Amino acid sequence: MIDTTPIPTALLDRLLRRVERPARYTNAEWNAVVRPWEAAKVHLVLAFADVYEVGMSNLGMSILYDIVNRQPGMLAERAYAPWPDMAAALQEAHLPLFSLESRRPLAAFDVVGFSLGYELNFTTMLKMLSLARLPLRSAERTDALPLVIAGGAACYNPEPIWAFCDLVVIGDGEEALVELLLLYSAYLEQGIRANAQNREGKTDFLARAARLEGVYVPEFYEPQYSEGGRFLGLRPVRAGVPSRVRSRTVMPLPSPPTKPVVPYVEVVHDRATIEVRRGCGQGCRFCQAGMVYRPVRERPPHEIIAAAKELLLNTGYDELGLLSLSTCDYRGIEKLIEQLQAELGEEIAISLPSLRLDSFSVQLAERVEKRRRPGLTFAPEAGTQRLRDVINKKVTEEQLYEVAELVFSRGWRRIKLYFMIGLPTETDEDVYGIVHLCRRVLAIGRRHHGNRASVSVSVATFIPKPHTPFQWVAYIAEADLQCRLDILRRGLRKAGLELSWHDPRMSYVEAVLARGDRRCAAILEQAYTMGAWLDPWDEHFRWQAWQEALHAAAFPVEDYVRSPWPLDAPLPWEFIDTGVHRSFLQREYARALEGQLTPDCFEQCSGCGVSQARAIRCWE
Amino acid sequence: MKGHLYEVTWARGPAIKYISHLDLMRTWERMLRRARLPLLYTQGFNPRPRLSFAAALPVGILAEAELAFFALREDVDPQRALAALRQQAVTGLCVRALRSLPANTNPPQARAALYLVRPSKEGLPADLAERVHALLAQEKLLSARRTREGAEQLLDLRPLIEELHLTECPPPSLHMQLSLRPGATARPEQVLELLGLDPYEAEITRLRLILVGPVAS
Ligand code: SF4
């Protein structure tokens, strides 16, 4: 029998007094929904594979929590990865990981739904399963144990986690999750959880679930490899399951949650958030989100304004974030902001998470953000015009200087710039270009603010992500990476310039998992066993565990990641159909190599395939 | 404080006893905004509602009568404000009373606080009365604490213990009045440690604050 009783307060109390920031584990936040357990037919715990502060800033969690809790007969609670001190305390006290709302062990729930933002969250999912005392592998979880599912941006290549999840939702989760829970509740009613012998009931359910759009059931597919270990393809091994899994796209966007849980502890984004737009039409060739969330879906202004008013009233926040991949691209953004300011009053700050590199965006920022932030952030991504053309980032050097001029002249003293190194066709010269750009931007700042001007430069390593025009490209060689970081370190060593870079070892792991096939599951298991979890956290990243796991892998990982893949090679994630056609990605790759720009969807459709595949018009 | 000043008395229950003081302040700001009270904001780069507390409430301690002060742009009927705040109060936070203060009052600070310590399930040790007696007989009670910079510092707690006694009415419990002045603050946990009790095993409630003020400006 599965123990479904809540963890007694007295027991928990003893733990909470000894851990850091105990308020992360105590629920009772404003707007948290505690539905009566017995009244629900299906119990879902939304498990976020990172800590509370990160998870509570994740809009996806908040959307799904809201939607499921509004369904009759359904209940959704939340669980986050505990900080290591709490994880150790739980294990010491022989207590399982529990949900926040009812403090029940995860195993008490019918469905555990993991939210996976990116590849470095994978091991945390394993840790959470193990803290919940659930077997890691789906095959070892009987019908008596919860169904374990996953979704989120990292699932556009679900192969590395194939063994751990009964099913994976690909794409937008709003509709698919509710359909799945509805389907599963019929099985629960028939008493599926009484069967602790095998997982026949689950298999039966999964066969039906696999027919839903956006649902991938890994166990119904089998990969083929050549004798040399080359991936040859993925084949369905059960009748009735689709040979390709189409990702889910909701259109129009469902109404936004207006009663989100308000955390007590300070989280990453402490503000009310409203998604104004999903997807991005700019077509940057390195960007997975811009390719897989197509077409762009905008929320109408009246809906945003009405929701914003409710949201602020229901939460008491004094800041509203307008979320999207590129908020300045929202059609009529100026008017929208004007209306929001008029409706919400001046005590409410409006924040734009990402700024386009042009004066229009700076003017927008000036209207809304000045009282909060000391500086503005932009992403030129590459240091030379040539390379920016390659990645289809439509920004010129002059534009950048103009923007810097404007930013500094309007009183901001700090500019933050995002770049990538390791981009396809990159040479040392492109990296010197970054140095040159940053120094000039600083010089502009100095003219306005003297020594008080500063430029912070944040550098990430390019990772060739699935479903992008660069999915065939090699991950940068270690020697090149070190050499280019060195160029930056030396070139940007100057008062007023602050350089920070992502740990290249983390990026390497991310690259392996991003383009990995099923053989990565063993790597994940091994790394986890050696102590890897909370990988995105510098202080917890266990490089040694990863090194050993990668070394022990059944295939030459280094080759796999650092060599370009032939254009005609089958790719492990190609069974997922995002609607964007392979020929479009190939064409974009070719255009990249020629340095040809491709226009924004909004200017001109470049025929990526989405409108045909979904039989829709992308722009009204 | 400018504007119309209000004093609110509130209690903290077990549901939110792990919330830090900083987080409580932010919680109060949000409650006030949700209650749609016409808050008065500070001037400057980053305007904040004019809100202050008579004393910080440490993590893990329950409270019966904490005091917060806020300023409004307009005169609002205290009964109406109280009702609005109660509706917006988070779980575990009880808004007990609200009154308006005379104009131009400076919000008072606490100089001491009265605590009640209830024993854990094992109860209080039989010789506790003697231990209390012995403790109070000491001239100096040095207790180590960490400064912000991480250095150890010895603090004499004896003058900060204004009162300490056992009550017999069942269940037996410990009452203490401790100084809360800046730089001269004793925490109930420190006193429990000096008495040889495990501070983690007791339930501590701050019953009330003893104020310095209110001072007219
Ligand atoms: S079909 Fe055209 S407009 Fe639609 S997403 Fe693709 S490129 Fe953009």
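Model, not experiment: these values are computed from the prediction.

1. Remarks on the domain arrangement of chain B
Interfaces are often described in size by the accessible area the parts lose on coming together. All names here are of chain B. For chain B, the domain assignment lists domain 1 (4-107) and domain 2 (110-211). Taking the mean C-alpha position of each, domain 1 and domain 2 sit 27 Å from one another. Contact with domain 1, which involves 13 residues of that partner, is made by 14 residues of domain 2. Run the count over domain 1 and domain 2 and you get 1 salt bridge. The closest approach of N and O atoms between Arg-206 and Glu-66, which form a salt bridge, is 2.7 Å. Where domain 1 touches domain 2, the interface holds 6 residue pairs in polar contact (both at pLDDT 80 or more).

2. Side note on the sheet that holds strand β4 (residues 147-151) of chain A
All names here are of chain A. Across the sheet, which stays open at both edges, the 6 strands sit in the order β2-β1-β3-β4-β5-β6 with mixed pairing between neighbours. Because the sheet does not close on itself, it has two edges, and the strands there are β2 (74-81) and β6 (215-216). Sheet topology places strand β3 (residues 111-115) next to β4; 5 bridges connect them, and they run parallel. Bridging from a neighbouring strand, Val-112 pairs with Val-148 of β4. Helix α7 (residues 200-209) contacts β4, β5 (167-169) and β6 of the sheet and is inclined by roughly 30 degrees relative to β5.

3. Section: the site of the ligand
Near the ligand the following residues occur: A:Arg294, A:Cys601, A:Cys605, A:Ser606, A:Gly607, A:Cys608, A:Ser611 and A:Cys618. Residue classes in the shell around the ligand are distributed as 4 nonpolar, 3 polar and 1 charged.

4. Some words on the nonpolar core
Ranked by size, the top nonpolar core spans 286 residues in total, and within it A:Ile161, A:Leu322 and B:Trp28 carry the most contacts. Counting residues per element, this core draws most heavily on helix α6 (residues 174-189) of chain A, which supplies 9 residues. In contact with B:Trp28, not counting residues within four places along its chain, are B:Val8, B:Trp10, B:Leu51, B:Phe53, B:Leu85, B:Leu93 and B:Val95.

5. Quick look at the side chain of B:Lys17
Mapping B:Lys17 onto the fold places it in the loop between β1 (4-12) and α1 (21-34). Sequence-distant contacts of B:Lys17, defined by excluding residues within four places in its chain, comprise A:Asp13, A:Arg17, B:Arg12, B:Val59, B:Gly60, B:Ile61 and B:Leu62.

6. Some details on the interface of chain B and chain A
Taken residue by residue, the interface counts 30 residues in chain B and 27 residues in chain A. Interface area, chain B with chain A, both sides summed: about 2,600 Å², of which 49% is carbon and sulfur. Put simply, A:Glu347 and B:Arg73 hold a salt bridge, and the shortest N to O gap is 3.9 Å. Among the elements of the structure, α1 and α2 (78-88) of chain B are those that each provide at least two residues to the side of chain B that touches chain A.

Thresholds applied
Residues numbered from 1 in each chain as written. Chains lettered and ligands numbered in written order. Predicted model: local features only at pLDDT ≥ 70, side-chain atom pairs only at ≥ 80, totals over all residues. Heavy atoms only, no water. Domains from an automatic or database assignment. Contact = heavy atoms within 4.5 Å. Salt bridge = Lys/Arg side-chain N within 4 Å of Asp/Glu carboxyl O. Polar contact = N/O pair within 3.5 Å; in protein donor to acceptor, adjacent residues only side chain to side chain. Pairing = 2+ DSSP bridges. Helix = DSSP H or I, 4+ residues; strand = E, 2+ residues; numbered from the N terminus. Axes fitted to C-alpha atoms, helices over the stretch in contact; angles between N-to-C directions. Near = heavy atom within 4 Å. Nonpolar A, V, L, I, M, F, W, Y, C, P; charged D, E, K, R; others polar. Core = buried A, V, L, I, M, F, W, Y, C linked by side-chain atoms within 4.5 Å. Buried < 20%, exposed > 50% of the residue type's maximum accessible area, 1.4 Å probe, protein only. Buried area = accessible area lost by both parts, 1.4 Å probe.

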